[in-house]
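Working through the structure, step by step
Spelled out, the chains give:
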Amino acid sequence: MKLVDPPGKAKGKSSAKTEITASPGQSLPQTGRQEIIKKCPINPNLVHYEKAYQTFDWDQARGEVDWFAGGKINAAYNAVDRHMSDGRRNKVALYAIDSRNKLSKLTFQDVYEQSNKLGNALKKLGVEKGDRVFVFLPRVPELYVTTVAIAKIGAIAGPLFSAFGPDALRDRLQDSEATVIITNPELKPKLDSIRKELPDLAYVIVVGGDESKLGEREYSYEALVNAESDKLECERMDPEDPLYLLYTSGTTGKPKGVVHVHNDIIGHHMTTRWVLDLQEDDIYWCTADPGWVTGTVYGIFGPWSNGISVVSYEGRFDADSWYNVIDKLKVTVWYTAPTALRMLMKAGDEAVYRHSLASLRHVLSVGEPLNPEVVRWGMKVYGLPIHDNWWQTETGMQLVANLPCMPVKPGSMGRPLPGVYAAVVNDDGEELPAGELGRLVVKPGWPSMLRSIWRNKEKFDEYFRIPGWYFSGDNAWKDEEGYFWFVGRADDVINTAGHRVGPFEVESALVEHEAVAEAGVIGKPDKERGEIIKAFIVLANGVTASDELIESIREHTKRQLAAHAYPREIEIKDSLPKTRSGKIMRRLLKAWELGLPTGDTSSLEED
Ligand code: PRX
């Protein structure tokens, strides 16, 4: 464990209490001159950051969204229905490019009618307010329609990433006691393999495919919606009623269900305007899958609440295909992630110049540290600074950002948004001065803050362990101008290519393999993916190691958990370091891997 000593800072009583580790490549306080890039989009929505920061409070934003009588609200009404009467009825809501590169368009009216039909069908199946309805689809238009329909009838939408395997599905569907899932014929076999373990799952709705192949309590999406009226009154929800439930990984145990509510739409709406800077004629592409929070909030609710045309691309990643999307649809605002940008950088400048990207006016990145080198490269090839910003599944909206109206500091996540008070504190919750490393915390009260962890109060309370602060689990420092700099996670959570992966989930999947007796999993720094997953395993008695065996263990994890959550590296050990209570010491595994000092090992079972 490496103790990082912030340079040039007084060692006050507070700083001595927080020991922060940083892995190689992570940013540390710099004392020298900082690089800044000043290139602001023309006429951004938010012009004066300082003024807004001093005067704004969230009550002022309530009028930006539509309310029903008695203080009731519906996020889906705000995303879609209100555009039936504000002149956007025939505006394209979704440009969807499918896996064969075919483009289809849905207007706001199309989304309105289709989501009404599905909402009616779900109601007829008996879905009620508060029921959990999960969406397990690739990026097809029905994914967007479905999410809106679920919210319209007051059920809770459960987004699922299409790369999830049976283990990942089971964890989420069992914990939430989901009653309905909407999927397609390609993904359905993964569900079928665990169906017996899901007693609460009453119905499966299948988009596309052969109706005659459907089994008991399985319905064709098309047959259901075709039989329904396109008129539906949105359920009038209390602002604190749940909107969506998204599972995310922590350091221990299975993924936890983060509960967000209809009131979140205020935060979605305002941050989309400020950070993404979306304006009426923008063509906006968020590359994140709606199975992740970025894709749900900034791929659906935020932009649609602002009445903006959204791009969805189902195809695979490669530089030419992605640049084609921008070129073909004349994308103006592009929200993507560091790993994708690093891969695009690797694909070379020529790939950029083979296409016209002149439509782009604003580029943003989120989800993992964005290297200054990539920002500089972006300036060179796109002629635009890449605007990094920070938030989490739990925060439900962007909280810290390099806003369009402020100079970009490459390597920094930016400054807190108006209405958001972020700080760096020690473990006692005492605020640290600029330049000191500590825990990144936020004052509770922003509109999209998580409201609970699904049936897990203990976990929820951990985020608020010191009154007055939400603990993000990230370590950071702040500079004299109030820009925040990410240092690393305070726990063992792995961030691989922007995907948050809990080591426990991977370890559980590994030990399901008959040849694996024990497993310990860590994130190993990687130039392209930020981190890769590395597993240390102990083989079961009598099993002999071979390349084929390692490959079969890797494949098993990939199939059961998810394509992004398998260990790229597997190392066989005779034993794993454990505490006396039997917990695998991942920090020690990491220290071994990185050649760092092992620190205090006095609690080790075997030294
Ligand atoms: O560690 C931080 C990292 O991603 C985590 C949140 O992951 P998730 O809940 O999946 O949300 C993704 C939506 C943004 C954070 O705790 N992270 C997020 N943004 C950044 C980041 N790390 C460095 N720089 C960022 N801009």
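A short tour of the structure in this document, coming up. Quick caveat: nothing in here was measured; it's all calculated off a predicted structure. (Residues numbered from 1 in each chain as written. Predicted model: local features only at pLDDT ≥ 70, side-chain atom pairs only at ≥ 80, totals over all residues. Heavy atoms only, no water.)

**Observations regarding the overall build of the protein chain**
We count it as follows: Here a helix means four or more residues in a row that DSSP labels H or I, a strand means two or more in a row labelled E, and each is numbered from the N terminus. We compute the radius of gyration over the C-alpha atoms and compare it with the globule rule, which gives 2.2 Å times the number of residues raised to the power 0.38. The rule is simple: take the accessible area with a 1.4 Å probe, protein chains only, and divide by the maximum for that residue type; under 20% is buried, over 50% is exposed, in between is partly exposed. Here a residue-residue contact requires only that any non-hydrogen atoms of the pair lie within 4.5 Å. Reported accessibility uses the Shrake-Rupley method at a 1.4 Å probe radius. Residues are deemed covered only where the shown protein chains occlude them. Here Asp and Glu are counted as negative and Lys and Arg as positive; His is not counted, and neither are the chain ends. Charge placement uses NZ in Lys and CZ in Arg. For Asp and Glu, CG and CD serve respectively.
When helices and strands are counted, the protein chain shows 17 helices and 26 strands. For 607 residues, the compact-globule estimate of 2.2 N^0.38 gives 25 Å, and the protein chain sits close to it at 24 Å. With the C-alpha coordinates aligned to their principal axes, the bounding extent of the protein chain is approximately 70 × 65 × 55 Å. Here the protein chain holds 607 residues, and the buried ones make up 60% of them. Of the contacts formed within the protein chain by residues at least 6 apart in sequence, a portion of 70% connects residues at least 24 apart. Total accessible area computed for the protein chain in this model is approximately 23,900 Å², and 48% of it derives from carbon and sulfur atoms. Between the mean site of the 74 positive side-chain charges and the mean site of the 86 negative ones, the protein chain shows a separation of 3 Å.

**Some points on the sheet that holds strand β17 (residues 422-425)**
The strands making up a sheet associate through backbone hydrogen bonding, with each pair oriented either parallel or antiparallel. Put simply, the test is: Two strands make a pair as long as DSSP finds a minimum of two bridges between them. Angles here are taken between N-to-C directions and fall from 0 to 180 degrees, while the axes themselves are lines fitted to C-alpha atoms, restricted in helices to the stretch in contact.
Pairing is antiparallel across the open sheet formed by 4 strands, whose spatial order is β17-β18-β20-β21. The open sheet has two edge strands, β17 and β21 (484-489), and neither has a second partner. For this sheet, the mean angle separating the axes of adjacent strands, direction not counted, is 50°. Here strand β18 (residues 438-442) pairs with strand β20 (residues 470-478) via 4 bridges, running antiparallel. Residue Gly438 lies in a different strand from β20, and its bridge partner there is Ala476.

**Comments concerning the side chain of Thr271**
How we decide: In protein, a polar contact requires one atom able to donate a hydrogen and another able to accept it; more generally it is a pair of N or O atoms within 3.5 Å, and residues adjacent in sequence count only if both atoms are side-chain atoms.
Note on placement: Thr271 falls in helix α8 (residues 264-276). Overall, Thr271 belongs to the buried group, its relative accessible area being 0%. Here Tyr298 takes part through its side chain, which lies 2.7 Å from a polar atom of the side chain of Thr271. Discounting residues that sit within four places of it in the chain, Thr271 has contacts with Leu276, Tyr298, Met397, Gln398 and Leu417.

**Focus on the site of the ligand**
The condition that has to hold: Distances are taken per atom, and a residue is near a molecule or strand as soon as one of its heavy atoms is within 4 Å of it. Residues are grouped as follows: Ala, Val, Leu, Ile, Met, Phe, Trp, Tyr, Cys and Pro are nonpolar; Asp, Glu, Lys and Arg are charged; all remaining types, including Gly, are polar.
Taken together, 18 residues form the shell around the ligand, and within it Asp388, Asn389, Gln392, Thr393 and Arg500 come nearest. Burial of the ligand by the protein amounts to 97% of the accessible area it has alone, namely 540 Å². Sorting the residues of the shell around the ligand by element identifies α9 (293-305), β14 (386-390) and β21 as the ones contributing at least two each. A class-by-class count of the residues in the shell around the ligand yields 7 nonpolar, 6 polar and 5 charged.

**Quick word on unusual backbone geometry**
Although it is not a glycine, Lys330 sits at a positive phi angle of roughly 55°. Tracing the backbone shows Lys330 in the loop between α10 (319-329) and β12 (333-336). Owing to a relative accessible area of 42%, Lys330 belongs among the partly exposed residues under this scheme. Phi angles above zero are rare outside glycine, and Arg455 is one such case at about 50°. Tracing the backbone shows Arg455 in the loop between β19 (452-453) and α14 (457-463). When its relative accessible area of 56% is taken as the criterion, Arg455 is described as exposed.

**Quick notes on the nonpolar core**
Soluble globular proteins tend to bury their nonpolar side chains together. Under the convention used in this document: The definition of a nonpolar core used throughout is a set of buried Ala, Val, Leu, Ile, Met, Phe, Trp, Tyr and Cys residues joined through side-chain atoms within 4.5 Å.
Of all hydrophobic cores here, the largest spans 104 residues; its most connected members are Trp58, Trp274, Tyr284, Trp304, Tyr335 and Leu403. Take this core: its biggest share by element is 7 residues, from helix α4 (residues 141-152).

**What to know about the pattern of salt bridges**
Test applied: Whenever a carboxyl oxygen of Asp or Glu lies within 4 Å of a side-chain nitrogen of Lys or Arg, that contact is scored as a salt bridge.
Applying the stated criterion to the full structure yields 51 salt bridges. Here Lys129 and Asp241 are joined by a salt bridge, their closest N and O atoms 3.3 Å apart. Of this pair, Lys129 sits in the loop between α3 (108-124) and β3 (132-136) while Asp241 sits in the loop between α7 (221-226) and β8 (242-248), and the two are 112 residues apart along the sequence. Overall, the relative accessible area of 17% leaves Asp241 in the buried class. With a closest N to O distance of 3.1 Å, Glu593 and Lys524 form a salt bridge. Here the residue Glu593 occupies a position in helix α17 (residues 586-594), and Lys524 occupies one in strand β24 (residues 516-526), the gap between them amounting to 69 residues. When salt bridges with common partners are traced through the structure, they connect Lys524, Lys534, Glu569, Glu571, Lys573 and Glu593 into a single cluster.

**A short note on the side chain of Glu531**
Checked against the element boundaries, Glu531 lands in strand β25 (residues 530-539). Here Asn495 takes part through its backbone nitrogen, which lies 2.8 Å from a polar atom of the side chain of Glu531. Residues contacting Glu531, with those up to four places away along its chain left out, are Val493, Ile494, Asn495, Thr496, Ala497, Gly523, Lys524, Pro525, Asp526 and Lys590.

**As for the environment of Trp292**
With respect to the secondary-structure elements, Trp292 resides in the loop between β10 (283-286) and α9. Owing to a relative accessible area of 18%, Trp292 belongs among the buried residues under this scheme. In sequence terms Trp292 and Thr248 are 44 residues apart; their C-alpha atoms lie 8.9 Å from each other. Apart from the residues lying within four places of it in its own chain, the contact partners of Trp292 are Phe161, Leu246, His499 and His564.

**Side note on the pairing of strand β6 (residues 203-206)**
Two strands pair when backbone bridges link them, and strand β5 (residues 180-183) and β6 are joined in this way by 4 bridges, in the parallel orientation. Note on β6: the bridge partner recorded for Ile182 is Ile205. With 3 bridges connecting them, β6 and strand β7 (residues 218-220) associate as parallel partners. Bridging from a neighbouring strand, Val206 pairs with Ser220 of β7.

**A few points about the packing of α4 against α9**
Formally: Angular relationships are summarised with four words: roughly parallel below 35 degrees, roughly antiparallel beyond 145, roughly perpendicular across 65 to 115, and oblique for the angles in between. Two helices crossing with the near one rotated counterclockwise from the far one by less than a right angle form a left-handed crossing, whereas a clockwise rotation gives a right-handed crossing.
Viewed as axis vectors pointing N to C, α4 and α9 meet at an angle of 70°, and their least axial separation amounts to 11 Å. Taken as axis vectors, α4 and α9 run roughly perpendicular relative to one another. Crossing hand, α4 versus α9: right-handed. Facing Tyr144, Thr147, Val148 and Ala151 of α4, the residues of α9 in contact are Gly299, Ile300, Phe301 and Trp304.

**Notes on the environment of Arg89**
Mapped onto the fold, Arg89 is located in the loop between α2 (75-79) and β1 (92-97). Along the sequence, Arg89 and Tyr112 sit 23 residues apart, while their C-alpha atoms lie 9.0 Å from each other. Setting aside residues up to four positions removed in sequence, Arg89 forms contacts with His83, Met84, Thr107, Phe108 and Gln109. Among the polar contacts listed, one links the side chain of Arg89 to the side chain of Gln109, at a separation of 3.0 Å.

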